[in-house]
Amino acid sequence: MRAVVYHGAREVSVEEVPDARIERPTDVLVKVTSTCICGSDLHMYEGRTSAEAGKVLGHESVGEVVEIGPAVDRIKVGDRVCVPFNIACGFCRNCERGETAYCLTTNPGQAGAAYGYAGMGPYRGGQAELLRVPYGDVNCLRLPPDAADKENDYAMLADVFPTGYHATELAGVQPGDSVAVFGAGPVGLMAAYSAMLRGASMVLVVDHQSDRLRLAEKIGAIAVDDRQGDPVDQILDHTRGMGTDKGCECVGWQAHDSEGHEHPASTMNNVVRSVRAAGAIGAVGVFVLSDPRSPDTLMRKGEVAFDMGMFFQKGLRIGAGQTSVKAYNRRLRDLIAAGRAQPSFLVSHNLGLDEAPDAYLHFDERADGWTKVVLHP
Ligand code: ZN
Ligand code: ZN
């Protein structure tokens, strides 16, 4: 099969690799029809993770089931499915509680596994013609008959839509809330969109890229351009000096200013400054255990200078971490099927698999207009 293979910093190629196949009786084999490049793939692309050369990338996949193992019960050949980026067993202590992002059996020694990702187990990714899905009955979300028509919408269910939704769930966004979302990448835009779905009265989205801010405005959010001045001051201006009820951090440790300098804690601390006293924060931007190449000495060991003083003074609450996709993907799928959600508004490029190296380059440069890439193997 053809697949996108990681070779080192800013080096990916599309090449022939051994076919993915059924390895265990509970596996499902999916012919991938859509697979996205994720902002979190860029951490690997930039050589900032422990990703090893030879890894097949990709964790956001939609496709058609072409083969099932003998112990697969529910999923049938021919089903159109969306595959969550988390690989869950369905029976461990955490999976039982719905916390499939922290599955205890699929990546022994750690909590949580994923396809084609550094530190998330030995699984090959979905930027390929075929994908092996372990515990297929647990991990495949069946799609309705409009699957082909709304393929790009359903592709967002593998990661970015549930991840954005998770930020609003961690923050406890309720009808009428004002919400500040930092970062207008795909996850930030999905957090803003989810806040709208949950009935927020005002959503402010901070970024410094015009194309992303335009998309934020398109879904009814207020764009806060941090090139125009301190984003916290702008948010306070919009909220009569109070700050917003809730905040979402959708940037992570590679936060940088408009000059390109990295400040790992800057976005997190801006969220703390932007949320009103007794408010709450959902943090889904990626942080890592270590980043030996970080310009920030603390961050080299995974630590950031968090503004605990302000956080405590304001009596804020915070929830953080990866989303358990399965906690949300059925309900979000049904919103898409019912025409109540169209998360594909952020997709800018539909490309063939062979165009992946070029797409990585442009997406990594944050080239104007490259907001979300879907590859169609
Ligand atoms: Zn992703
Ligand atoms: Zn599990």
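Residues numbered from 1 in each chain as written. Chains lettered and ligands numbered in written order. Predicted model: local features only at pLDDT ≥ 70, side-chain atom pairs only at ≥ 80, totals over all residues.

### As for the packing of helix α5 (residues 160-171) against helix α6 (residues 186-197)
When two helices pack together, their arrangement is given by the angle between the helix axes and the distance between those axes. Between α5 and α6, the shortest axis-to-axis distance is 7 Å and the interhelical angle comes to 60°. One element, α5, and the other, α6, form an angle in the oblique class. For the pair α5 and α6, the crossing hand works out as right-handed. For the pair α5 and α6, the contacting residues are Val160, Phe161, Thr163, Gly164, Tyr165, Ala167 and Thr168 in the first and Pro186, Val187, Met190, Ala191, Tyr193, Ser194 and Ala195 in the second. (Axes fitted to C-alpha atoms, helices over the stretch in contact; angles between N-to-C directions. Helix = DSSP H or I, 4+ residues; strand = E, 2+ residues; numbered from the N terminus. Parallel < 35°, antiparallel > 145°, perpendicular 65-115°, else oblique. Left-handed = near helix turned anticlockwise from the far one by under 90°. Contact = placed C-beta atoms within 7 Å.)

### Here we look at the domain arrangement of the chain
Looking at the chain, the domain boundaries give domain 1 (2-159 + 324-376) and domain 2 (160-320). Using C-alpha coordinates to define each centre, domain 1 is positioned 25 Å away from domain 2. Contact residues are listed per partner, giving 21 residues for domain 1 and 24 residues for domain 2. Contributing elements (two or more residues each) for the side of domain 1 that touches domain 2: α1 (39-45) and α11 (329-337). Per-element tally for the side of domain 1 that touches domain 2: the top contributor is α1, with three residues. Per-class residue counts for the side of domain 1 that touches domain 2 are nine nonpolar, seven polar and five charged. (Domains from an automatic or database assignment. Nonpolar A, V, L, I, M, F, W, Y, C, P; charged D, E, K, R; others polar.)

### Focus on the sheet that holds strand β12 (residues 275-283)
Working definition: the strands of a sheet are paired by backbone hydrogen bonds and lie parallel or antiparallel to each other. Spatial strand order, β10-β9-β8-β11-β12-β13: six strands in an open sheet with parallel pairing. Looking at strand neighbours, the two that pair on one side only are β10 (222-225) and β13 (317-320), the edges of this open sheet. Going from strand to strand, the sheet's axes swing by 20° on average, the running direction of each strand aside. (Pairing = 2+ DSSP bridges.)

### Things to note about the nonpolar core
Counting residues in hydrophobic clusters, the biggest one holds 113 residues, and the most contacted among them are Val30, Val181, Ala192 and Val205. Viewed by domain, this core spans two of them, domain 1 (2-159 + 324-376) and domain 2 (160-320), each represented by three or more residues. (Core = buried A, V, L, I, M, F, W, Y, C linked by C-beta atoms within 7 Å. Buried ≥ 20, exposed ≤ 12 C-beta atoms within 10 Å, placed from the backbone.)

### Focus on the pairing of strand β2 (residues 11-16)
Both strand β1 (residues 2-8) and β2 contribute to a ladder of six bridges, which runs antiparallel. In the strand pairing of β2, Val4 is matched with Val14. Between the antiparallel neighbours β1 and β2 lie two residues, among them Arg10 with a positive phi of about 55°.

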